[in-house]
Amino acid sequence: MARTRPLLHHDLGVDLYAPTETFASFRLVWRDPFTGTRPNRRYADRATAEAAYEQTVAYVRGAASVATTGGRRSGPPTVDDLFAAVQERWRLKGRKDRYIEKRAGVYRTWIAPTCGSLTVLDWGSTDEHCLRVLAAARTAGRADATVQNIGALLRLLVSTAWARKMLPTTTDPMRGVEYVAGRKADDEAAVYVPPSARPTTEMVRALADAFDARGDEDGRSWLGLMVRVAAFGGLRLGELTALRVSSYDTERNALVVSEAWGHSKAAGAKRQTPKNGRRRTVLLPGSVAEAMAKRVAEVDADHGADGLLFPGPKGATHPFTEGELRRVFERAARSAGWACGPAGRTPKGQVRKGRPVIPWRNLRHHAAVWLHDTAGYDWADVSRTLGHHSVAFTQARYVRPSADAEERNLTAMKSL
């Protein structure tokens, strides 16, 4: 099979490849003279790819003339070096592995392709590079929260460059670059979640039934209970899968949420405190509490107080990973009639069925509204049940005045 010829080639070893049947994006490949690594960057459009090619040629030409000592970089620091310094600071501050990995993914996907190989001084000399990064995310249709994440990370890079004297404080590549306001508590954007992004109670019940059917097939009759606890109790996935026999309060038929699984490539599954570090008690509807009490008794008899109530497919002591649950969820959601996106193909050409438009995590949004509208909780109680940082955050997410609110309020005020 003939090798694919590059669209652009430079004798310094920089190659730009056009999209193929296997790779849908432009690929820029070169060998870093400092580290010896062979980066592989991807770009959605030709103009951006060719601009990155020219920048990379200039970088490699300059880097090739700089001597190296012991295999360590001795040239001017690049934005990649700057981000490495940020990661090291996170580790020194004790940030969780998952926290670092998620932000490293944002950096690799959005910032590195445009800015990674630039020297910090070149990057900081203009706002053009940061504008391109955010424009690429918006053009790709990414949500405001994602654009916000990217912008916040760019701003952090600028602050770190100033602190380490890599950039003069009079130089700011983010000056005038707009992105969504800084992140709020709970690692989410405090924006209203519309009903279209929340499953209805009928959808939840259909999903739970589909999980039940899957559980009957493979001997996990409790699978549907996971859906009901998530959708009516509002537990996050890490909290749900960390539940043990000892997490159940038999006197009140309630769950005591005091820990959650954190998953990272570096450390695997690790128990940690829930987000915001909040220990809370979650009451369950009568029918769900009854099924939970039965499940607790089963696990207690087999594994004792530390037995996991919802173990993953690898065994009774192994929690569900996000990927393992996603595979069950997507199949069950399709069976339950949930709306799904269009089918596609994997990089290897395999057909991939469309994924549900509403993801698993949005069961938590259903819980918030159901607790208020159906169970009669006030918003302060909803906030405590969900483990939110503040009631204001909860209301910003789930309360929007109706179109006739002003007229209704005017009528009410006239009667007083």
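Heads up: the structure comes first, above all this text.
Below you will find a few notes about this structure.

Criteria and cut-off values
Residues numbered from 1 in each chain as written. Predicted model: local features only at pLDDT ≥ 70, side-chain atom pairs only at ≥ 80, totals over all residues. Heavy atoms only, no water. Salt bridge = Lys/Arg side-chain N within 4 Å of Asp/Glu carboxyl O. Helix = DSSP H or I, 4+ residues; strand = E, 2+ residues; numbered from the N terminus. Buried < 20%, exposed > 50% of the residue type's maximum accessible area, 1.4 Å probe, protein only. Pairing = 2+ DSSP bridges. Axes fitted to C-alpha atoms, helices over the stretch in contact; angles between N-to-C directions. Core = buried A, V, L, I, M, F, W, Y, C linked by side-chain atoms within 4.5 Å. Contact = heavy atoms within 4.5 Å. Phe/Tyr/Trp six-rings, centres within 6.5 Å; stacked < 30°, edge-to-face > 60°. Lys NZ or Arg CZ within 6 Å of the ring centre and 35° of its normal.

## Here's the deal with the pattern of salt bridges
Where charged atoms from two side chains of opposite charge approach closely, those side chains can pair.
Point 1. The tally for this structure, following the rule as stated, stands at 21 salt bridges.
Point 2. For the salt bridge of Asp172 with Arg155, the shortest nitrogen-to-oxygen distance reads 3.4 Å. Here Asp172, found in the loop between helix 6 (144-163) and helix 7 (201-218), pairs with Arg155, found in helix 6; they are 17 residues apart in sequence, far enough to count as distant.
Point 3. On the basis of relative accessible area, Arg155 is assigned to the partly exposed category, the value being 24%.
Point 4. Residue Glu239 is joined to Arg236 by a salt bridge in which the shortest nitrogen-to-oxygen separation is 2.7 Å.
Point 5. Among the residues examined, Arg236 registers a relative accessible area of 15% and is labelled buried.
Point 6. Linked through salt bridges whose partners overlap, the residues forming this network are Arg244, Glu259, Arg271 and Asp306.

## Things to note about the sheet that holds strand 1 (residues 8-10)
Point 1. The four strands lie next to each other as 1-2-3-4, forming an open sheet whose pairing is antiparallel. Sheet topology places strand 1 and strand 4 (40-43) at the edges, where each strand pairs with a single neighbour. Ignoring which end each strand starts from, the neighbouring axes of this sheet average 15° apart.

## Things to note about the nonpolar core
Point 1. With 50 residues, the main nonpolar core has Phe211, Met292 and Phe310 as its most contacted residues.
Point 2. Where this core is concerned, the elements lending two or more residues are helix 7, helix 8 (223-233), strand 6 (254-257), helix 10 (286-303), helix 11 (322-335), helix 12 (363-373) and helix 13 (379-386).
Point 3. Among the elements that take part in this core, helix 8 stands out by supplying eight residues, more than any other.
Point 4. Filtering out sequence-adjacent residues up to four positions away, Phe211 remains in contact with Leu223, Gly224, Val227, Leu325, Val328, Phe329, Ala332 and Trp360.
Point 5. Judged by nonpolar contacts, the second largest core, of 30 residues, contains Ile100, Val133, Ala161 and Met174.

## Structural notes on the environment of Met292
Point 1. Structurally, Met292 is set in helix 10.
Point 2. Take Met292: its relative accessible area is 0%, and that puts it in the buried class.
Point 3. Distance from Met292 to Leu255, taken between C-alpha atoms, is 9.4 Å for residues 37 residues apart in sequence.
Point 4. With residues up to four places along the chain from it excluded, the contact list for Met292 reads Leu225, Val229, Tyr248, Leu255, Leu284, Leu309 and Phe310.

## Some remarks on the packing of aromatic side chains
Point 1. Under the criterion given, the structure shown has nine aromatic pairs.
Point 2. Ring plane angle 5° and centroid distance 4.1 Å describe the contact between Phe83 and Tyr107, whose orientation is recorded as stacked. Of this pair, Phe83 sits in helix 2 (residues 79-92) while Tyr107 sits in helix 3 (residues 97-116), and the two are 24 residues apart along the sequence. The residues Phe83 and Tyr107 share a single accessibility class, namely buried.
Point 3. Aromatic side chains Trp379 and Tyr398 sit 6.5 Å apart centroid to centroid with 5° between the ring planes, which places their arrangement in the stacked category. Taken as a pair, Trp379 in helix 13 and Tyr398 in helix 14 (residues 391-398) lie far apart in primary sequence, 19 residues in all.
Point 4. The exposure class of Trp379 is buried, given its relative accessible area of 13%.
Point 5. Taken together, the ring pairs connect Phe83, Trp90, Tyr99 and Tyr107 into an aromatic cluster.
Point 6. Geometry around Tyr17 places Arg27 over its ring, the cationic atom sitting 4.9 Å from the centre.

## Some words on the environment of Arg244
Point 1. By the secondary structure assignment, Arg244 is in the loop between helix 9 (237-241) and strand 5 (248-249).
Point 2. Classification of Arg244 as buried rests on a relative accessible area of 19%.
Point 3. If we ignore the near neighbours within four places in the chain, the residues touching Arg244 are Glu259, Arg271, Ala305, Asp306, Gly307, Leu308 and Leu309.

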